[in-house]
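Given next are the chains, with one letter for each unit.
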Amino acid sequence: MARDPRHDILFEPVPIGPKTLRNRFYQSPHCTSFGAELPGAQAHIRAMKAEGGWAAVNTEFCSVHPSSDSRPLVSARLWDDDDARNLARMAELAHEHGALAGVELWHGGCVAGNLESRMPARSVSQLTDDGLYATSCYELDKAGIREIQGYYVAAARRARDVGFDMINIEGAECGALPQHFLMSKFNHRTDEYGGSVENRARFWLETVEQVREAVGDDCAVTIRLCVDTLNDDPRGIRAAEEAYRFIELGDHLVDFWDLQGGGWAAAEWAGDDAVASRFAGEFSHRPYIEAVRPATKKPIATVGRFTNPDTMAAAVSSGLIDIVAAARPSIADPFLPRKIEQGRYEEIRECIGCNICASRFGLGAPIVCTQNATLGEEFRRGWHPERFTVASNHDKSVLVVGAGPAGMECAMVLGKRSMSAVHLVDEQDALGGCMRSISAYPHLGEWGRVTTYRQVQLGKLASVEVILGTRLDAEAVLSYGAEIVVIATGARWRADGMNGPTQLPIPGAQLDFVHTPEQVSAVKGAIDGEHVLVYDTDGYFTGVGMAEMLLAAGKRVSVVTPSPNLAPFMFYTGEAFRVNRELRAQGVEIVTSHVLGEITPDGLHGQNVWAPDPVHWEADAVVLVTQRQPCDELYHELRADPDRLAREGIDSVYRIGDCLAPRTIAENVFDGHRLAREIDTADPATPLPYIRELPDVNRQPAAVPGAG
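Residue positions within a chain follow its written sequence, with the count starting from 1. This being a predicted model, a pLDDT of at least 70 is required before a residue's local features are given, and a value of 80 or more before pairs of side-chain atoms are given or counted; all residues contribute to the totals for chains, interfaces and linings. Values shown for side chains rest on all heavy atoms present in the structure; no hydrogens or waters enter the calculation.

1. Some remarks on the overall build of the protein
Part 1 of the argument: By definition, any uninterrupted DSSP run of H or I lasting at least four residues is a helix, any uninterrupted run of E lasting at least two residues is a strand, and each is numbered from the N terminus. Regarding its fold elements, the protein presents 23 helices and 28 strands.
Part 2 of the argument: Radius of gyration here uses only the C-alpha atoms, and the compact-globule reference equals 2.2 Å multiplied by the residue count raised to the power 0.38. Its C-alpha atoms give the protein a radius of gyration of 27 Å, within 12% of the compact-globule value 27 Å for 708 residues.
Part 3 of the argument: Evaluated residue by residue, the protein yields a buried proportion of 59% over its 708 residues.
Part 4 of the argument: Counting contacts in the protein only where the partners sit at least 6 residues apart, residues at least 24 apart contribute 73% of the total.
Part 5 of the argument: Using a 1.4 Å probe, accessible areas were evaluated by the Shrake-Rupley method; residue-level cover was limited to the displayed protein chains. When the accessible area of the protein is evaluated, it comes to approximately 26900 Å², of which 51% is carbon and sulfur surface.
Part 6 of the argument: Counting rule applied: Lys, Arg positive; Asp, Glu negative; His and chain ends not counted. Note that the charge is assigned to NZ on lysines, CZ on arginines, CG on aspartates and CD on glutamates. A gap of 4 Å separates the mean positions of the 68 positive and 97 negative side-chain charges of the protein. Using a 1.4 Å probe on the protein chains alone, a residue whose accessible area is under 20% of its type maximum counts as buried, one over 50% counts as exposed, and one in between counts as partly exposed. Any pair of residues with heavy atoms lying within 4.5 Å of one another is described as a contacting pair.

2. What about the domain arrangement of the protein?
Accessible area lost during the coming together of the parts is what is often quoted as the interface size.
Part 1 of the argument: Each assigned domain of the protein is listed with its residue range as follows: domain 1 (5-363), domain 2 (397-490 + 631-677) and domain 3 (494-627).
Part 2 of the argument: Bear in mind that the domain bounds are from an automatic or database domain assignment. A straight line from the C-alpha centre of domain 1 to that of domain 3 covers 39 Å.
Part 3 of the argument: In what follows, salt bridge is the name for a side-chain nitrogen of Lys or Arg lying within 4 Å of a carboxyl oxygen of Asp or Glu. Scanning the region where domain 1 abuts domain 3 turns up two salt bridges.
Part 4 of the argument: The definition of a polar contact used here is a pair of N or O atoms within 3.5 Å, where within protein one atom must be able to donate a hydrogen and the other to accept one, and adjacent residues in sequence count solely through side-chain atom pairs. Our enumeration of links across domain 1 and domain 3 arrives at four residue pairs in polar contact (both at pLDDT 80 or more).
Part 5 of the argument: In the scheme used here, Gly and all other residues not listed as nonpolar or charged are polar, with Ala, Val, Leu, Ile, Met, Phe, Trp, Tyr, Cys and Pro taken as nonpolar and Asp, Glu, Lys and Arg as charged. Grouping the constituent residues of the side of domain 1 that touches domain 3 by class yields 10 nonpolar, four polar and three charged.

3. A look at unusual backbone geometry
Part 1 of the argument: The amide bond that connects Arg-71 to the next residue, Pro-72, takes the cis arrangement and shows omega of 10°.
Part 2 of the argument: Positionally, Pro-72 belongs in the loop between strand E4 (56-63) and strand E5 (76-77).
Part 3 of the argument: For Lys-524, which is not glycine, the phi dihedral falls at a positive 55°.
Part 4 of the argument: Locating Lys-524 in the fold gives a position in the loop between helix H17 (517-522) and strand E20 (531-536).
Part 5 of the argument: The exposed category is assigned to Lys-524, whose relative accessible area is 65%.

4. Description of the sheet that holds strand E26 (residues 621-625)
Part 1 of the argument: With respect to topology, five strands assemble into an open sheet ordered E19-E26-E20-E21-E22, the strand pairing being parallel. Looking at which strands have only one partner, the edges of the open sheet turn out to be strand E19 (514-515) and strand E22 (589-591). Two strands qualify as a pair provided that DSSP identifies no fewer than 2 bridges between them.

5. Let's talk about the nonpolar core
Part 1 of the argument: Take the buried residues of types Ala, Val, Leu, Ile, Met, Phe, Trp, Tyr and Cys, join any two whose side-chain atoms come within 4.5 Å, and each joined set is a nonpolar core. Ranked by internal contacts, the top residues of the largest apolar core, which has 96 residues, are Leu-10, Leu-105, Ile-167, Leu-225 and Ile-321.
Part 2 of the argument: Residue contributions to this core peak at eight residues, all from helix H3 (residues 142-161).
Part 3 of the argument: Aside from chain neighbours lying at most four places away, what touches Leu-10 is Asn-23, Arg-24, Phe-25, Pro-309, Met-312, Ala-313, Val-316, Val-324 and Ile-340.
Part 4 of the argument: In this structure, Ile-356, Phe-541, Val-588 and Ala-666 belong to the second largest nonpolar core, which totals 44 residues.

6. Some thoughts on the packing of aromatic side chains
What characterises a pair of aromatic rings is the spacing of the ring centres plus the angle enclosed by the ring planes.
Part 1 of the argument: Within 6.5 Å between ring centres, the rings of Phe, Tyr and Trp (the latter by its six-membered ring) count as paired, and their orientation is classed by plane angle as stacked under 30 degrees, edge-to-face over 60, tilted in between. Counting across every chain of the model gives 17 aromatic pairs.
Part 2 of the argument: Relative to Trp-257, the ring of Phe-246 has its centre 6.1 Å away and its plane inclined at 75°; by these criteria the two rings are edge-to-face. Residue Phe-246 is found in helix H7 (residues 239-250), and its partner Trp-257 is found in strand E11 (residues 256-260); the two are separated by 11 residues along the sequence. Both residues of the pair, Phe-246 and Trp-257, count as buried.
Part 3 of the argument: Linked through ring pairs, Tyr-441, Trp-447, Tyr-540, Phe-541, Phe-569 and Tyr-572 together constitute an aromatic cluster.
Part 4 of the argument: Above the face of the Trp-493 ring, Arg-628 is positioned so that its terminal group lies 5.8 Å from the ring centre. Here, a charge over a ring means that NZ of Lys or CZ of Arg falls within 6 Å of the ring centre while also lying within 35 degrees of the ring normal.

7. What about the sheet that holds strand E16 (residues 464-468)?
Part 1 of the argument: Sheet architecture is open: five strands sit in the order E16-E15-E14-E17-E28, paired in parallel fashion. The sheet is open, and its two edges are formed by E16 and strand E28 (652-655), each paired on a single side. The average angle at which neighbouring strand axes cross in this sheet is 15°, direction not considered.
Part 2 of the argument: Of the strand pairs in this sheet, strand E17 (residues 484-487) and E28 are connected by four bridges, and their pairing is parallel. Counted as the bridge partner of Ile-484 is Ser-652 from E28. Orientation is described by axes fitted as lines to C-alpha atoms, over the contacting stretch for helices, and by angles from 0 to 180 degrees between their N-to-C directions.

8. Some points on the pattern of salt bridges
Part 1 of the argument: Scanning the model with the defined rule gives 62 salt bridges in all.
Part 2 of the argument: Here Arg-381 and Glu-377 are joined by a salt bridge, their closest N and O atoms 2.9 Å apart.
Part 3 of the argument: On the accessibility criterion, Arg-381 (19% relative accessible area) is buried.
Part 4 of the argument: Here Arg-655 ties to Asp-632 by a salt bridge, and the two come within 4.0 Å at their closest N and O atoms. Taken together, the residues span a long stretch of sequence, with Arg-655 in strand E28 and Asp-632 in the loop between strand E27 (628-630) and helix H21 (633-639) at a distance of 23 residues.
Part 5 of the argument: Residue classification places Arg-655 among the partly exposed residues on the basis of a relative accessible area of 25%.
Part 6 of the argument: For Asp-632, a relative accessible area of 17% translates into the label buried.
Part 7 of the argument: The network of salt bridges with common partners includes Glu-37, Asp-69, Arg-71, Arg-77 and Glu-116.

9. Here we look at the side chain of Arg-454
Part 1 of the argument: If you trace the backbone, Arg-454 turns up in helix H15 (residues 449-460).
Part 2 of the argument: Within the structure, the side chain of Arg-454 is placed 2.9 Å from the backbone oxygen of Val-450, a separation counted as a polar contact.
Part 3 of the argument: Not counting chain neighbours up to four residues away, the residues in contact with Arg-454 comprise Thr-370, Gln-371, Met-408, Glu-409, Met-412, Arg-449 and Val-669.

10. Regarding helix H13 (residues 405-416)
Part 1 of the argument: The terminal C-alpha atoms of H13, which comprises 12 residues, lie 17 Å apart, in line with the 16 Å expected from a rise of 1.5 Å per residue.
Part 2 of the argument: Within H13, 11 of the 12 residues are buried, which leaves the element mostly enclosed by the surrounding structure.
Part 3 of the argument: For H13, the complete set of buried residues consists of Pro-405, Ala-406, Gly-407, Met-408, Glu-409, Cys-410, Ala-411, Met-412, Val-413, Leu-414 and Gly-415.
Part 4 of the argument: Of the residues trailing H13, Ser-418 is marked for its positive phi of about 65°. By this rule the span expected of a helix is its residue count minus one, scaled by 1.5 Å.

11. So, the environment of Arg-628
Part 1 of the argument: Checked against the element boundaries, Arg-628 lands in strand E27.
Part 2 of the argument: Relative accessible area serves as the criterion here: at 25%, Arg-628 is assigned to the partly exposed category.
Part 3 of the argument: Residues Arg-628 and Trp-493, 135 residues apart in the sequence, show an inter-C-alpha distance of 4.2 Å.
Part 4 of the argument: Setting aside chain neighbours within four positions, we find Arg-628 in contact with Ala-491, Arg-492, Trp-493, Arg-494, Asp-658, Pro-662 and Arg-663.
Part 5 of the argument: A distance of 2.9 Å separates polar atoms of two side chains, one belonging to Arg-628 and the other to Asp-658.

As structure tokens, this is what we get:
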């Protein structure tokens, strides 16, 4: 299929100072938890995007000095030449694929906990960050300011010397020292670095000027700027005020602007920098970019979770932006630009906006993606999102029972590996499994892309046949004729209230006014009773989805949870702040730090997790969001008779996804993908070892010089 001419504009080159972007696609800085300590993973995750057509790829935030130590969060680092050598491979591989390589220089000031370096934090003023406990910082004097500016210069030189093309002075998401100088929330100074916008901009602009002088014409220089803190705090940044003036002041110093909105300092709006799809669609920060566009003559790159090339082309054609910046869309599909360029629109793996990628950063864990199981596995497992080898046992036939996330992914990859015949069978009348109900939850419609993408790809694979509306029992599987059987029958919510906090069922869960999430979803929340109590020990989106669905059905809703906050995992995905605020605004009563102990016809009995005194609640109906259990009966029945399996010519029976162990959708997709990738190994049920990047003990000093 030919590319739509409307999208030609996306493939025009863009000059940025001494460098030129080959097209308008720019992978904006985003975290991976690889940093400089996992140089292979860091290099290959960025290189994959360069191969996929991105004109520029960037590191995550990159610390310039041990006084800006982000632990336990993982940043890149340019503290010394060893860090630079580790990051050099990223620049080298980006260049091999024709992309520019960028580094995002960061000093955290008061937000740097320095848990590894143990250095006291320094910042624009003496203050305490709200994310650190029993810890404060000291105010920088003039000598300290010059010292930190010197760290930026040294880091920029290191980056240039190992091949980086772009130096980005980070001040985004309210988590960097230059932005703290700019914001009156942090900046309480009365000298030439405080007071007016011009004074508050001084540190940042001086730093950029020094970096530009240090790298000369070898690198393009940009600023990553938060143009609006997206709250009503007058001490924040407003696009039409501080951001506009700052851009005017700094326009002569940069080759282009890298703009975004929202961030940490806007606590009541936290998560709106990478806004989840439950709250907004593409380019939701457009008004803030419109406000600052007249302030600059330089190209503007901005993020907006762009997945639709029509939206991208319209934003560029209007003159609003010049460069399509993306983090999450590049994570979901590293080959997004290449597919648009070649007119392969139906192959685009669109980001669903679930923010599972962002959640791993807060956990200090390697990045993952719901849509792209190969993300983060480019180096350690050697996986490529678009390239599959022919399986050595490709002559085998495979039956996959269950067409949920794991089953669909497994069947798709098996087909791409040229297995002779793959049958994907499901008892439902459509693909998707659990995704059918989940994507019908209020505000989660874009999550349905998990199904639609795979449905399209499965339809293209000649060796894959999808059979719906067919329930297979053990006898039917045994007589089916497949040589390899994969059970992907998912999980169900426990009806007995078994839960993690007590490791016990809840007495009374069998009463007829007690429901599971599946039962609520089946009737779109229209269960009997006016007042419904949701008991949530799961801590993610299901409890929230139940509350929203019940509200939409006109119910009065209470949510009880043993956690100190509703949906604690959503703090990692950036959704919790708005979810908690919006549900309360809609009248939902949220009772935290309480355990439900018993359900009776006369009421519900529980207690505060910190006190033994009993608590009583009244409700007409109860929804238990406690624990899922695998639907693994078919698997165990098949495995119970190995002799019969042998007689029927079945070589192997595997289980994947929730049928093995209930987990996130991302882990289910990964599970199905991994089994298919390794279907021709000696033991596909056991994952192959992956490359572990470890420090070389032979290169470590025997002792610290000068230590007493």
